[in-house]
Amino acid sequence: MGRKFIVGGNWKMNGDKKQVADIIETLKKGPLDPNVEVVIGVPAIYLEYVKNIAPANIEVSAQNCWKVAKGAFTGEISPAMIKDIGCNWVILGHSERRTIFKEQDELVAEKVAHALDSGLKVIACIGETLEEREAGKTEEVVFRQTKALIPAVGDRWANVVLAYEPVWAIGTGKTASPQQAQDVHASLRKWLSSNAPAGVADSVRIQYGGSVTAANAKELAACPDIDGFLVGGASLKPEFVDIVNATQ
Ligand code: 13P
């Protein structure tokens, strides 16, 4: 046990230079619980700017990257580039990447493997659609998505955080109930106990994502298998501070 609470902010394709600077000012004022790890996922074009103005207690993450270090991949960025500007994290496999950009489990796994090879830490996202949940396939989907990561991660789970984000809860205002989220987190941990290297099931941090707000964060944070959040919309607002501090 002893999993450190970790709250990620995923800004997605939002913000401009002014707004980005305002958010950093708000986070600097905080105060942010020093026992919580905070990682903000920034649009690639603002990564270096944010890295330069963010205080040391906030990690800056890319929201995606490609699966090799360099080459003819127009429009992509590599983990080597993310590292080069001083950032240590990347979010991979977000449901928007999977659905809008058609990223399959195999590609997500290749990206995760290369990001870890390059020394980045990874927030790896998984989660079922509404259709899959209603068909009773939540566990099947979440286990399948995680299974693809097993060989990619190998023994490097200390550098991976899983983010369970039910697609039906993302940006919809429809949060999974604490019980719904806890149930999936607990069954994922159980699955990991027989499918991942020894100890991983207990040590890996599993974030919940999907319409997390200051109003629902405390109740979700109290669930034993929820080790943090990946926050979209609310990470652009001052209430992100309260979400970071939800375990206080
Ligand atoms: P919302 O918090 O806006 O629902 O987004 C969740 C998310 O996708 C974080 O990665």
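No experiment lies behind these values; they were computed from the predicted model shown.

Rules and cut-offs
Residues numbered from 1 in each chain as written. Predicted model: local features only at pLDDT ≥ 70, side-chain atom pairs only at ≥ 80, totals over all residues. Heavy atoms only, no water. Helix = DSSP H or I, 4+ residues; strand = E, 2+ residues; numbered from the N terminus. Rg over C-alpha atoms; globule rule 2.2 N^0.38 Å. Buried < 20%, exposed > 50% of the residue type's maximum accessible area, 1.4 Å probe, protein only. Contact = heavy atoms within 4.5 Å. Lys, Arg positive; Asp, Glu negative; His and termini not counted. Charge placed at Lys NZ, Arg CZ, Asp CG, Glu CD. Near = heavy atom within 4 Å. Polar contact = N/O pair within 3.5 Å; in protein donor to acceptor, adjacent residues only side chain to side chain. Areas by Shrake-Rupley, 256 points an atom, 1.4 Å probe, with all protein chains shown as cover. Nonpolar A, V, L, I, M, F, W, Y, C, P; charged D, E, K, R; others polar. Disulfide = S-S within 2.5 Å. Expected span 1.5 Å × (residues − 1). Arc of directions from axis to C-beta. Pairing = 2+ DSSP bridges. Axes fitted to C-alpha atoms, helices over the stretch in contact; angles between N-to-C directions. Core = buried A, V, L, I, M, F, W, Y, C linked by side-chain atoms within 4.5 Å.

J.: Requested: an account of the overall build of the chain, with residues and values cited.
T.: The helix and strand tally for the chain stands at 12 helices and 8 strands. Taken over the C-alpha trace, the chain has a radius of gyration of 17 Å; the compact-globule value for 248 residues is 18 Å, and the two agree within 12%. With the C-alpha coordinates aligned to their principal axes, the bounding extent of the chain is approximately 45 × 45 × 35 Å. The burial tally for the chain puts 53% of its 248 residues in the buried class. Counting contacts in the chain only where the partners sit at least 6 residues apart, residues at least 24 apart contribute 73% of the total. Charged side chains in the chain number 27 positive and 30 negative. The centres of these two groups are separated by 3 Å.

J.: Any chance you could break down the site of the ligand for me, citing the residues and the numbers?
T.: Around the ligand, the surrounding shell holds 13 residues, and the nearest of these are Lys12, His94, Glu165, Gly171 and Ser211. Between the ligand and Ser211, the relevant distance is 2.7 Å, taken from an oxygen atom to a main-chain nitrogen or oxygen of the residue. Starting from 310 Å² of accessible surface for the ligand in isolation, the protein chains cover 94%. Of the residues in the shell around the ligand, the class split is 4 nonpolar, 7 polar and 2 charged.

J.: Quick rundown of the state of the cysteines? Include the residues and the values.
T.: Applying the stated criterion to the full structure yields 0 disulfides. Here Cys65 stays free of any disulfide, with the sulfur of Cys87 as its closest cysteine sulfur at 12 Å. Unpaired in this structure, Cys125 has its nearest cysteine sulfur neighbour in Cys65, at a distance of 12 Å. In this structure Cys125 comes out as buried when scored by relative accessible area, which is 2%.

J.: Which residues make up helix H1 (residues 17–29), and what values go with them?
T.: Compared with an ideal rise of 1.5 Å per residue, which puts 13 residues at 18 Å, H1 spans 19 Å between its outermost C-alpha atoms and is within 8% of the ideal. Within H1, the full set of buried residues consists of Val20, Ile23, Ile24 and Leu27. One side of H1 carries all its buried residues, which in axial view fall inside an arc of 100°. Facing away from the buried side of H1 by over 90 degrees, the exposed positions are Lys18 and Lys29. Buried residues belonging to H1 abut strand E2 (37–41), helix H2 (47–53), strand E3 (58–62) and helix H12 (240–244). A positive backbone phi angle near 45° is found at Gly30, which sits one or two residues after H1.

J.: Now, about the sheet that holds E2: what can you tell me, with residues and values included?
T.: Spatial ordering of the closed barrel is given by E1-E2-E3-E4-E5-E6-E7-E8, a layout of 8 strands whose pairing is parallel. Strand-to-strand, the axes of this sheet are offset by a mean angle of 25°, without reference to chain direction. Across 5 bridges, strand E1 (residues 6–10) lies against E2 in parallel orientation. Each bridged residue has a counterpart across the sheet, and for Asn10 the counterpart in E2 is Gly41. Along the sheet face, helix H5 (residues 105–117) touches strand E4 (89–92), strand E5 (121–126) and strand E6 (160–164) and points at about 175° away from the line of E4. Running at roughly 150° to strand E7 (residues 205–209), helix H9 (residues 178–195) makes contact with E5, E6 and E7 of the sheet.

J.: With reference to specific residues and values, describe the environment of Ile150.
T.: Summarising the element assignment, Ile150 is placed in helix H8 (residues 149–153). Counting along the chain gives 35 residues from Ile150 to His185, while the straight-line C-alpha distance between them is 17 Å. Here Ile150 is in contact with Trp157, Trp191, Leu192, Asn195 and Ala196, once residues within four sequence places are set aside.

J.: A description of helix H11 (residues 214–221) should follow, citing residues and the corresponding values.
T.: Regarding H11, the residues found buried are Asn216, Ala217, Leu220 and Ala221. Looking straight down H11, one finds its buried side chains confined to an arc of 135°; they lie on one side. Exposed residues on H11 whose side chains face more than 90 degrees from its buried face are Ala215 and Glu219. Residues of H11 that are buried sit in contact with H9, E7, strand E8 (228–231) and H12.

J.: Requested: an account of the nonpolar core, with residues and values cited.
T.: With 70 residues, the main nonpolar core has Ile40, Val50, Leu192, Tyr208 and Phe229 as its most contacted residues. Not counting residues within four places of it along the chain, the set of residues in contact with Tyr208 comprises Tyr164, Pro166, Ala169, Thr175, Ala176, Ala181, His185, Leu220, Ile226, Gly228, Phe229 and Leu230. Counting residues in each nonpolar core, the second largest holds 9 residues, with Trp89, Cys125, Val161 and Leu230 among its members.

J.: For the pairing of E4, give the residues involved together with the corresponding values.
T.: Both faces of E4 are covered, namely the face carrying Trp89 and Ile91 and the face carrying Val90 and Leu92. Relative to E4, E3 runs parallel, the two being bridged by 2 bridges. From the neighbouring strand, Ala62 faces E4, where its bridge partner is Val90. Relative to E5, E4 is paired through 4 bridges, and the arrangement is parallel. Of the residues in E5, the one forming a bridge with Ile91 is Ile123.

By themselves these figures say nothing about function.
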